[in-house]
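Overview (structure and organization)
Listed here are the chains, written in short residue letters.
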Amino acid sequence: MSTEDNTNTSAQVHTTRIPVRWSDFDRFNHLNNVSYIEVAQEARTAFAQDEFAARGLPIPAVFVRRTEVDYFRPILPDTTAVEIDTTVVQIGTTSFTTHQSIKDRNGTVCCTVDCVQIAVDLATSSPRAITKHELGVLTQVADSAVINEATSADDSAEASADD
């Protein structure tokens, strides 16, 4: 298993600091595995507030489809807050994937979390297409390859609509 974070360095990154609580640590004196998922969720919530609400846009309703977590090293109690970098690494028609790096007090990546999120219509709990406004926000914090794919797909959709 690699201990390096393989996030593309050309990505735009949203960074959040989350304080860790005494109760986040287990009897082995390291951050409990579930706490990594909780701080990643808190960072995705901060991402939505900072990237959508700050632009005056509603925060889209999403359901988590899949979460993949890789643990590289423990976070010890000398870390009072973790830093989480969030990047959008894939955008589909109804879903997007975020990659998060969770770092300890020294800036060492201790864990990565990849999360597939599905845009949903809350009235029906069914998947829905990502809107043009949502796509615009998601591409602000996306890997450059994702931006190129999303832009060309959007251009293709507009061309088809014009025909």
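In this report, the structure presented in the accompanying data block is examined. (Residues numbered from 1 in each chain as written. Predicted model: local features only at pLDDT ≥ 70, side-chain atom pairs only at ≥ 80, totals over all residues. Heavy atoms only, no water.)

Our next topic: the pairing of strand β3 (residues 81-91). Burial analysis of β3 places eight of its 11 residues in the buried class, the great majority of the element. Across six bridges, strand β1 (residues 14-19) lies against β3 in antiparallel orientation. The partner of T16 across the bridge, within β3, is I84. Direction of pairing for β3 relative to strand β4 (residues 95-103): antiparallel, over a ladder of eight bridges. (Buried < 20%, exposed > 50% of the residue type's maximum accessible area, 1.4 Å probe, protein only. Helix = DSSP H or I, 4+ residues; strand = E, 2+ residues; numbered from the N terminus. Pairing = 2+ DSSP bridges.)

This part is about the environment of F25. One can find F25 in the loop between β1 and α1 (33-51). Apart from the residues within four sequence positions on either side, F25 is in contact with V20, H30, L31, N32, I75, L76, P77 and T79. (Contact = heavy atoms within 4.5 Å.)

A few words now on α1. Taking 1.5 Å as the rise per residue, α1 with 19 residues should run 27 Å; its terminal C-alpha atoms sit 27 Å apart, in good agreement. Of the positions making up α1, those classed as buried are S35, Y36, V39, A40, A43, R44, A46, F47, A48 and E51. In this structure, the buried side of α1 is in contact with β1, β2 (62-71), β3, β4, β5 (109-121) and α2 (132-138). (Expected span 1.5 Å × (residues − 1).)

Gaps between atoms show up when a probe of the same size as a water molecule is rolled over them. Put simply, the second largest pocket is a space of about 190 Å³. Lining of the second largest pocket is provided by Q41, R44, T45, F47, A48, F52, I59, P60, V62, V64, F96 and Q117. Elements represented by at least two residues in the lining of the second largest pocket include exactly α1 and β2. When residues in the lining of the second largest pocket are grouped by element, the largest group, five residues, is from α1. Grouping the amino acids of the lining of the second largest pocket by side-chain chemistry returns eight nonpolar, three polar and one charged. (1 Å grid on protein atoms, 1.4 Å probe; cavity = no way out; pocket = protein on both sides within 12 Å on 5 of 7 lines; lining within 4 Å. Points joined across faces, edges and corners; volume = space filled by probe spheres on them. Nonpolar A, V, L, I, M, F, W, Y, C, P; charged D, E, K, R; others polar.)

Right, let's talk about the side chain of T16 for a bit. Along the chain, the position of T16 falls in strand β1. For T16, the side chain forms a polar contact with the side chain of H14, separated by 3.3 Å. Residues in contact with T16, not counting those within four places in the same chain, are A43, A46, V82, E83 and I84. (Polar contact = N/O pair within 3.5 Å; in protein donor to acceptor, adjacent residues only side chain to side chain.)

Take it as geometry only, folks, not as evidence of what the structure does.
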